[in-house]
Amino acid sequence: MYDFRSDTVTQPTAAMRQAMATAPVGDDVYGDDPTVAALEQQAAQMSGFEAALFTSSGTQANLLALLAHCGRGDEYICGQQAHNYKYEGGGAAVLGSIQPQPLANNDDGTISLADIEAAIKPDDIHFAQTRLISLENTIGGKVLPLEYMAQVQQLAFEKGLKLHLDGARVFNACAELGVPLADIAQHFDSFTICLSKGLAAPVGSLLVGDELLIAKARRWRKMLGGGMRQAGIIAAAGQLALSEQPSRLIEDHHHAQLLAQGLNKLNQVELQYSATNMVFATFNHVDLQALEQHLLNDEIKVSIAKQMRLVLHKDIDKAGVEKLLSSLAAFEGKVN
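Looking up the protein chain in an unreviewed UniProt entry gives the name Low-specificity L-threonine aldolase, with the organism given as Ferrimonas lipolytica. The protein chain has a UniProt comment under Cofactor (unreviewed entry) that states "pyridoxal 5'-phosphate". In its Subunit (unreviewed entry) section, the UniProt record describing the protein chain reads: "Homotetramer."

Below, the structure written as structure tokens:
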């Protein structure tokens, strides 16, 4: 079965399964799980930061960052398409009483510097206090340029704000830009890494920041029920996700380009765009339920929608791309 729904469906490697089976463990709430500690140190060192915190998910990691940076009645600025605004259940508002100020994302995923500056609230009791700017890289597969991140960092510094990065797929950005993680991380006060998307670990994300921020986030993690005990069993897979998987992400980008080229040749498909490991396409005049069943019959899974997001990852090779294109072509021929 080839699964194009997301890179969250990746299966752990054989080496990850072996590492999980043999990982030395302790009680991470007491701070004595050696494998968790090693993973957190590994992430901090890779990014040039002081500390990191292992969390259960990217949603939790982003929420902890927002709670650590902001207080009740504070505000963070983000994009309309930001995951921590649109797809995380309103957690910052519900659990932290933190107000999001979403702004329009440009076609390239950036937010206009002028829009960000205009949205920063004055020091006035009528307004929530702006504390944080949050970016996402990649966003919808699109990579934010290094120069743009530096410009937002300068704006944040001038306005006395902190800057957070939802870096769930930050290693895809690294692969596309051809830079190490530290080259992106240097522009932010905190950032997240998802281990269970393209990096293929079965579970977990990391929040990276300075020691004070991570100490605050660790306390919030405990309050939210996120304290884990013998978590080294899953942290062991995370170590291999960081050490072995980033270098192969460029393969997923190449397969996405091959898929985009093939979709362009089909009559009932309108390619929207392809970026890093994602391809977005609109299927016109198509019975989507019939298409979904046709693909399932060919052992292919997709997230069915008029505008479809197709995601490439380690478990989809060139043969998987060709099989999807062949199946789509057969469906097109059947309905015409």
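What to know about the domain arrangement of the protein chain
Each assigned domain of the protein chain is listed here: domain 1 (14-244) and domain 2 (248-333). Distance from the C-alpha centre of domain 1 to the C-alpha centre of domain 2: 30 Å. Each side of the interface is counted separately: domain 1 has 14 residues, and domain 2 has 12 residues. The contact between domain 1 and domain 2 buries some 1,100 Å² in all, and 59% of this surface belongs to carbon and sulfur atoms. On the domain 1 side of the interface with domain 2, the three residues burying the most area are Gly141, Arg169 and Asn172, jointly 37% of the side's total. Viewed at the interface, domain 2 and domain 1 are joined by zero salt bridges. At the boundary of domain 1 with domain 2, the tally comes to four residue pairs in polar contact (both at pLDDT 80 or more). For the side of domain 1 that touches domain 2, the per-class residue count stands at five nonpolar, five polar and four charged.

A look at the UniProt feature "modified residue: N6-(pyridoxal phosphate)lysine" (unreviewed entry) in the protein chain
Here the UniProt feature "modified residue: N6-(pyridoxal phosphate)lysine" (unreviewed entry) sits at Lys197. With respect to the helices and strands, Lys197 occurs in the loop between strand E7 (190-194) and strand E8 (205-209). Lys197 sits in the buried class, given a relative accessible area of 15%. Setting aside its immediate chain neighbours within four residues, Lys197 contacts Asp7, Thr8, Thr10, Ala168 and Arg169.

The rules behind each value
Residues numbered from 1 in each chain as written. Predicted model: local features only at pLDDT ≥ 70, side-chain atom pairs only at ≥ 80, totals over all residues. Heavy atoms only, no water. UniProt positions renumbered as here; feature names shortened; annotations may be inferred. Domains from an automatic or database assignment. Contact = heavy atoms within 4.5 Å. Buried area = accessible area lost by both parts, 1.4 Å probe. Salt bridge = Lys/Arg side-chain N within 4 Å of Asp/Glu carboxyl O. Polar contact = N/O pair within 3.5 Å; in protein donor to acceptor, adjacent residues only side chain to side chain. Nonpolar A, V, L, I, M, F, W, Y, C, P; charged D, E, K, R; others polar. Helix = DSSP H or I, 4+ residues; strand = E, 2+ residues; numbered from the N terminus. Buried < 20%, exposed > 50% of the residue type's maximum accessible area, 1.4 Å probe, protein only.

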